[in-house]
Amino acid sequence: MKFEVITEDAKVHPGEYVLHEPSQEIVMCGAFNRELNFIRALGRGKSMKDEIANFRKIILTREEMKEASASRCKGCSG
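Scoring rules and cut-offs
- Residues numbered from 1 in each chain as written.
- Predicted model: local features only at pLDDT ≥ 70, side-chain atom pairs only at ≥ 80, totals over all residues.
- Heavy atoms only, no water.
- Helix = DSSP H or I, 4+ residues; strand = E, 2+ residues; numbered from the N terminus.
- Buried < 20%, exposed > 50% of the residue type's maximum accessible area, 1.4 Å probe, protein only.
- Pairing = 2+ DSSP bridges.
- Axes fitted to C-alpha atoms, helices over the stretch in contact; angles between N-to-C directions.

I'd like a description of unusual backbone geometry, backed by residues and values.
Backbone geometry places Q24, a non-glycine residue, at a positive phi of 55°. Here Q24 lies in the loop between strand 2 (17–20) and strand 3 (25–33). Here R44, not a glycine, exhibits a phi torsion of approximately 55°, which is positive. Residue position: R44 is located in the loop between strand 4 (38–43) and strand 5 (46–50). Assessed through its relative accessible area of 73%, R44 is described here as exposed.

Given below as C-alpha cells:
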C-alpha cells in the first residue's frame, strides 16, 4: 500500500478511501472541491473538512486488491 500526493490533475471520487495525514486515519471521501481547496470526509463516525494537501490517495497493487476482496456465499448458486 502506497500513499500518493493528490496533484493538480488527480481527482478523488466520493466513496474513495484516503489517508488524512494530521490524524493518521483512513477516511472515506464524501466531497472533493478543487476550486475551494477542500475534501469533506467521514472518519470515526464524524464528518471532517480539511485542505486537499492534508490528504493522500491510497494506491493498492493488484495482489492487495485481490486479498482485500471478500468471496461471496456459494449456497444459492446452482
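Still more ground to cover, so stick around.
Can you explain the sheet that holds strand 2? Please cite residues and give values.
Reading across the sheet, the six strands line up as 1-6-2-3-4-5 and stay open at both edges, with antiparallel pairing between neighbours. The open sheet has two free edges, formed respectively by strand 1 (2–5) and strand 5, since each of these has just one partner strand. Each strand of the sheet is rotated relative to its neighbour by a mean of 45°, with strand direction disregarded. Note: strand 2 against strand 6 (residues 55–59), three bridges, orientation antiparallel. The residue bridging H20 from the neighbouring strand is F55, located in strand 6.

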